[in-house]
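What the coordinates show
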Amino acid sequence: METLWFCVIALLWLGYLFLEGFDFGVGMLLPVLGRDETGRRVLINTIGPVWDGNEVWLIVAVGATFAAFPDWYASLLSAAYLPLVLFLLALIGRGVAFEYRGKVDSARWRRAWDAVIVGGSWTAALSVGLVLSVNVFGLPLDAAGDRVGSPFAAITPETLLGAVAVAGYALVHGAVFLALKTEGDVRHRARRLALRAAPFALLPLLVLLLAVQLRFGSAWTWAASIAVALAALGAWGRLVLGREGQAFALMGVAVAATVAALFGALYPNVLPSTLDPAWSLTVAGAASSPYALTVITWVAAFGMPAVLVYQGWTYWVFRKRIGTRHIPPAHAPAGHGS
């Protein structure tokens, strides 16, 4: 049961990185691909119906960690609270900006909230990459599972590499998503940007996976890491041919293989100790009681399918491409621009 929930949590992180990844990427690219107000509204409207639903995956992942592995939850969140606070502030800022940028018919007002969207998207992507890599590379934990050292113990060259890796992936994923979801000039510019940026922006991810495998890897996690490189290369090739849908799917394969490689290298630990391997938190040692795991398994068996059906329906309803011709004129000052 403990291993099952470890896999469930990995799956939840996969869903979050895949869905919120392109969400962050769109925010990062707002000033690059949105060259005027209409263009920026096109970009925001591609994620407008889904961005808040994408965050549900994070809430469920954290909640599942708390319920299934309370020691893992306590040690990680207390030890890495600085990047987590930045992460939460970035998410709050993005959410407020999406809702408020069109409430006043003022270019200065919109520019200010656009800056919050861009900054929040970069900060959130970097922070989640930092936290995930901290979880894989470990923390200076003592025998009681408490962090030893300063609040900055989570910041190391490896975890900074992880932060850049996730941000780079999100940037390319967002560009591919925009090439798939838009039409006209925005689509072509997004496709060109993805083709040019991918070899550089995805390189930190490949270096991160290499570092993880050299330290913790096994044969099958090496295979997963190789699959990431092949999927990324395949996505680039599909983009060259203008197959944005296939490229987007291959980006999903890349993030799935990344999660498999990272969590596979982590197992059977849930949070390694860099002071003494014997003090690492393990799947068996950090898990809740069998009764608690049974209860949350039944809850998940009924709750998760409902969430998947609802979110899948949302993406189906809003599946069509968006272009400047779909954007109505902004309302007057007392109205509600977007």
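Numbers given to residues run from 1 along each chain, matching the order in which its sequence is written. Residue-level local features of this predicted model are given only where pLDDT is at least 70; pairs of side-chain atoms are given and counted only at 80 or more, and the full residue set underlies all totals for whole chains, interfaces and linings. Where side-chain values are given, they derive from all heavy atoms of the structure, hydrogens and water being excluded.

Notes on the side chain of His-173
Quick note on the threshold: Helix and strand assignments follow DSSP, with helices taken as H or I runs no shorter than four residues and strands as E runs no shorter than two, numbered in order from the N terminus. Here the term buried applies to any residue with accessible area under 20% of the maximum for its type, exposed to any over 50%, and partly exposed to those in between, with areas from a 1.4 Å probe on protein chains only. Contacts: residue pairs with any heavy atoms within 4.5 Å of one another.
Within the secondary structure layout, His-173 lies in helix 9 (residues 157-181). Classification of His-173 as buried rests on a relative accessible area of 0%. With residues up to four places along the chain from it excluded, the contact list for His-173 reads Leu-17, Phe-18, Gly-21, Phe-22, Phe-248 and Met-251.

Some points on the pattern of salt bridges
Note the cut-off: A pair is scored as a salt bridge if a Lys or Arg side-chain nitrogen falls within 4 Å of a carboxyl oxygen belonging to Asp or Glu.
Counting across every chain of the model gives 11 salt bridges. Note that Arg-215 and Glu-158 form a salt bridge whose closest N and O atoms lie 3.1 Å from each other. Linking Arg-215 in helix 11 (residues 203-216) with Glu-158 in helix 9, this pair joins segments that are 57 residues apart in sequence. Residue Arg-215 is classed as partly exposed on the basis of its relative accessible area of 48%. Arg-321 is the salt-bridge partner of Glu-244, the closest N and O atoms lying 3.7 Å from each other. With a gap of 77 residues between them, Glu-244 in helix 13 (residues 244-266) and Arg-321 in the segment after helix 15 (290-317) connect regions that are remote in the sequence. Each of Glu-37, Arg-40, Arg-101, Asp-105, Arg-110 and Asp-114 takes part in salt bridges that share partners, so that together they form one network.

Let's talk about a nonpolar patch on the surface
Selection criterion: Patches here are clusters of residues that have more than 30% relative accessible area and form no salt bridge, with a 9 Å joining cutoff for like charges and a 5 Å cutoff for nonpolar side chains (Val, Leu, Ile, Met, Phe, Trp, Tyr). Each accessible area is a Shrake-Rupley result for a 1.4 Å probe, and residues are judged covered by the shown protein chains and nothing else.
There is a patch of nonpolar side chains on the surface, built from Tyr-81, Leu-82, Val-85, Leu-89, Ile-92, Val-96, Tyr-100, Phe-152, Ile-155 and Leu-160 and spanning about 910 Å² of accessible area. The element that contributes the greatest number of residues to the nonpolar patch is helix 7 (residues 81-100), accounting for seven residues. Looking at the secondary structure, you find Leu-160 in helix 9. In this structure Leu-160 comes out as partly exposed when scored by relative accessible area, which is 44%.

Some remarks on the UniProt feature "transmembrane region" (unreviewed entry) in the protein chain
Defined as follows: UniProt positions are given in the numbering used here, feature names are shortened, and annotations may be inferred rather than shown by experiment.
The sites that UniProt annotates as "transmembrane region" (unreviewed entry) are residues 72-92, 113-139, 159-181, 193-214, 220-241, 248-271 and 291-318. Secondary structure across residues 159-181 comprises 100% helix and 0% strand; the distance between its end C-alpha atoms is 32 Å. Taken end to end, residues 248-271 is 79% helix and 12% strand, and its two terminal C-alpha atoms sit 31 Å from one another.

Things to note about the packing of helix 8 (residues 107-137) against helix 9
The following threshold applies: The axes are straight lines fitted to the C-alpha atoms, using for helices just the contacting stretch, and the angles between their N-to-C directions are given from 0 to 180°. Throughout this description, any angle smaller than 35 degrees is read as roughly parallel, any larger than 145 degrees as roughly antiparallel, any in the 65 to 115 degree range as roughly perpendicular, and the remainder as oblique. Crossing handedness: left-handed means the near helix sits turned counterclockwise from the far one by under a right angle, and right-handed means the same turn made clockwise. Amino acids outside the nonpolar list (Ala, Val, Leu, Ile, Met, Phe, Trp, Tyr, Cys, Pro) and the charged list (Asp, Glu, Lys, Arg) are all regarded as polar, and Gly is one of them.
Following both chains from N to C, one finds helix 8 and helix 9 inclined at 135 degrees, their axes separated by 7 Å at the closest point. Regarding the angle of helix 8 to helix 9, the classification is oblique. Here the hand of the crossing between helix 8 and helix 9 comes out right-handed. Between helix 8, through Trp-122, Ala-125, Leu-126, Val-128, Gly-129, Leu-130, Ser-133, Val-134 and Phe-137, and helix 9, the contact on the second element is made entirely by Glu-158, Thr-159, Leu-160, Gly-162, Ala-163, Val-164, Val-166, Ala-167, Ala-170 and Leu-171. Here the contact of helix 8 with helix 9 is built from residues that sort into 14 nonpolar, four polar and one charged.

Description of the environment of Ala-64
Position of Ala-64 relative to the elements: it lies in helix 5 (residues 56-68). Its relative accessible area of 8% is what places Ala-64 among the buried residues. Taking the C-alpha atoms as reference, Ala-64 lies 8.3 Å from Ile-296; in sequence the two are 232 residues apart.

Considering the side chain of Glu-20
In plain terms, the rule: Only four residue types enter the charge count: Lys and Arg as positive, Asp and Glu as negative, with His and the chain ends excluded.
You can see Glu-20 is positioned in helix 1 (residues 2-28). Despite being buried, Glu-20 has no salt bridge partner; Arg-94 is the closest side chain of opposite charge, sitting 4.6 Å away. Not counting residues within four places of it along the chain, the set of residues in contact with Glu-20 comprises Gly-15, Trp-51, Asn-54, Glu-55 and Leu-91.

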